[in-house]
Amino acid sequence: MLALVGLACWWPSGDPEIDRESLGYSDRVEATVVASEIGPCPSAPPSDPSESAVEEMECVVVSARLTSGPNTGDTAMLESPTDLDTPVSRLAPSDAIVLNDGGPDVPDEARYSFSDMQRSQPLVVLALVFALVVVALGRLKGLLALAGIVLSLGVLLVFIFPALLDGSAPVGVALTGATVIAFCTLYLAHGVNDRTTVALLGTMASLALTAALAIGFSKAAQLSGLASEESLTLFAFAPDLDFRGLLLAAVIIGTLGVLDDVTITQVSAVWELHSADPSLAVPKLYGAGIRIGRDHIASAVNTLVLAYSAAALPLLLIFTQSGLAFGEVLATETVAVEIVQTLVGSIGLVASVPLTTALACLVITRSTAPQDRDASGWDAWPPGSRQEWPPPTPRRRRSEQPSDAFWTNDPW
């Protein structure tokens, strides 16, 4: 219900007006390299014949045939000085590239500039291989998990990103979007049942704790959210955004990606433990679930730390060569942001284990204790199960079992 209220309150009102050309993203066209040769720079002014001692500058001159856009089939010329190592100097014939199109008002020799390599084909192939592997192992659940990925991306692109650019409260938007993602993906992949509901409740409780910790420690550490180059670029075109809030939203969304794995695993572990021994009391069932959770959380926290470290790898390499003391490096905002994100997310993961395990123990014991036993206290046939013949040996409570070995071994 709260998620629906959040969607209604923070739904983006429209597309934000941002000058793409000012951001460096003008019209782009695709092209294929035809030739790459070393010769005089086309844009260099002609040399004076009287100055024969002056050596003429040489460039790597690349010819590329446009394969998209209004001028498909035309040839674009790119150049790069031979004494510089640039992406243009490394191009070879048949390379598929992306060019920035300056428009018809720009002279032909300067209209096109190198933007990037075309990567659509290998990425599509990789995505297909990933989908094939997931479906081959997970069958129907794997297919539903893929649908959950598509749904998560849809929530990010349709609601969260536009709402953040629209100036809505970042923490509220992130929690609302995370709730919608968790609700839809968990029920889609694991079905509508008590197990999924318990995992969802554990995920939401842990996310709330993560958000509270992130808010408190981001203020205590005086994080501005403007430590990265991307944030500074966005600040130049959208200075009214709450950049500390964007940092908190990133923590919440990033933690959700690991939380659902931990909570689902804990709930499944408790359910299987209870199925193996329905006589386990809540304290023993909880203790067994926590022991499983300790192993899981140790690897999950390590995964989160390594993921954030990998994302900040270039930054960490720079600081290792900066000559600053280790404590000074940790106190810089660029590194402090990664520390807060990692530790706050890890605390949320650790807290999810006892929270989810306790909820699962309460739900499974209360939902099966009365109705799964007959009046004498013997285990009843599970609803909808096929009775076998001879029937399985009934099991009495330990306090009701006779001491006679005959009754213990053969109650019939």
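Bear in mind that the values here come from a model prediction, so they are computed numbers and not experimental data.

It is worth spelling out helix α7 (residues 243-276) at this point. Over its 34 residues, α7 extends 50 Å from the first C-alpha to the last, a length consistent with the 50 Å expected when each residue adds 1.5 Å. Where α7 begins, one side-chain oxygen reaches toward the backbone nitrogen of Arg-244, 3.4 Å away; that side chain belongs to Asp-242.

Next up on the list: the state of the cysteines. One pass over the full model with this rule turns up one disulfide. In this model Cys-41 forms its disulfide with Cys-59; the gap between the sulfur atoms is 1.7 Å. Measuring handedness by torsion sign, the sulfur bridge of Cys-41 and Cys-59 sits at about 85° and is right-handed. Taken together, the residues span a long stretch of sequence, with Cys-41 in the loop between β1 (27-40) and β2 (58-66) and Cys-59 in strand β2 at a distance of 18 residues. A relative accessible area of 7% means that Cys-41 is categorised as buried.

Let's shift gears to the pattern of salt bridges. Tallied over the full model, the rule gives three salt bridges. The salt bridge partner of Asp-85 is Arg-90, with a shortest N-O separation of 2.8 Å. As far as the burial class goes, Asp-85 and Arg-90 line up, both exposed. Between Arg-119 and Asp-116 there is a salt bridge whose closest N-O contact spans 2.7 Å. Residue Asp-116 is classed as partly exposed on the basis of its relative accessible area, which comes to 27%.

The next point concerns the nonpolar core. If you look at the biggest cluster of nonpolar residues, it comprises 51 residues, and the most contacted ones within it are Ile-160, Ile-252, Val-262 and Leu-349. The set of elements that each furnish at least two residues to this core consists of α3 (120-165), α4 (170-190), α5 (194-220), α7, α8 (282-311) and α11 (333-368). Excluding its chain neighbours within four sequence positions, the residues that come into contact with Ile-160 are Val-155, Val-173, Gly-177 and Ile-253. Counting residues in hydrophobic clusters, the runner-up holds 14 residues, among them Ala-31, Val-60, Val-62 and Leu-78.

About the thresholds
Residues numbered from 1 in each chain as written. Predicted model: local features only at pLDDT ≥ 70, side-chain atom pairs only at ≥ 80, totals over all residues. Heavy atoms only, no water. Helix = DSSP H or I, 4+ residues; strand = E, 2+ residues; numbered from the N terminus. Expected span 1.5 Å × (residues − 1). Polar contact = N/O pair within 3.5 Å; in protein donor to acceptor, adjacent residues only side chain to side chain. Disulfide = S-S within 2.5 Å. Buried < 20%, exposed > 50% of the residue type's maximum accessible area, 1.4 Å probe, protein only. Salt bridge = Lys/Arg side-chain N within 4 Å of Asp/Glu carboxyl O. Core = buried A, V, L, I, M, F, W, Y, C linked by side-chain atoms within 4.5 Å. Contact = heavy atoms within 4.5 Å.

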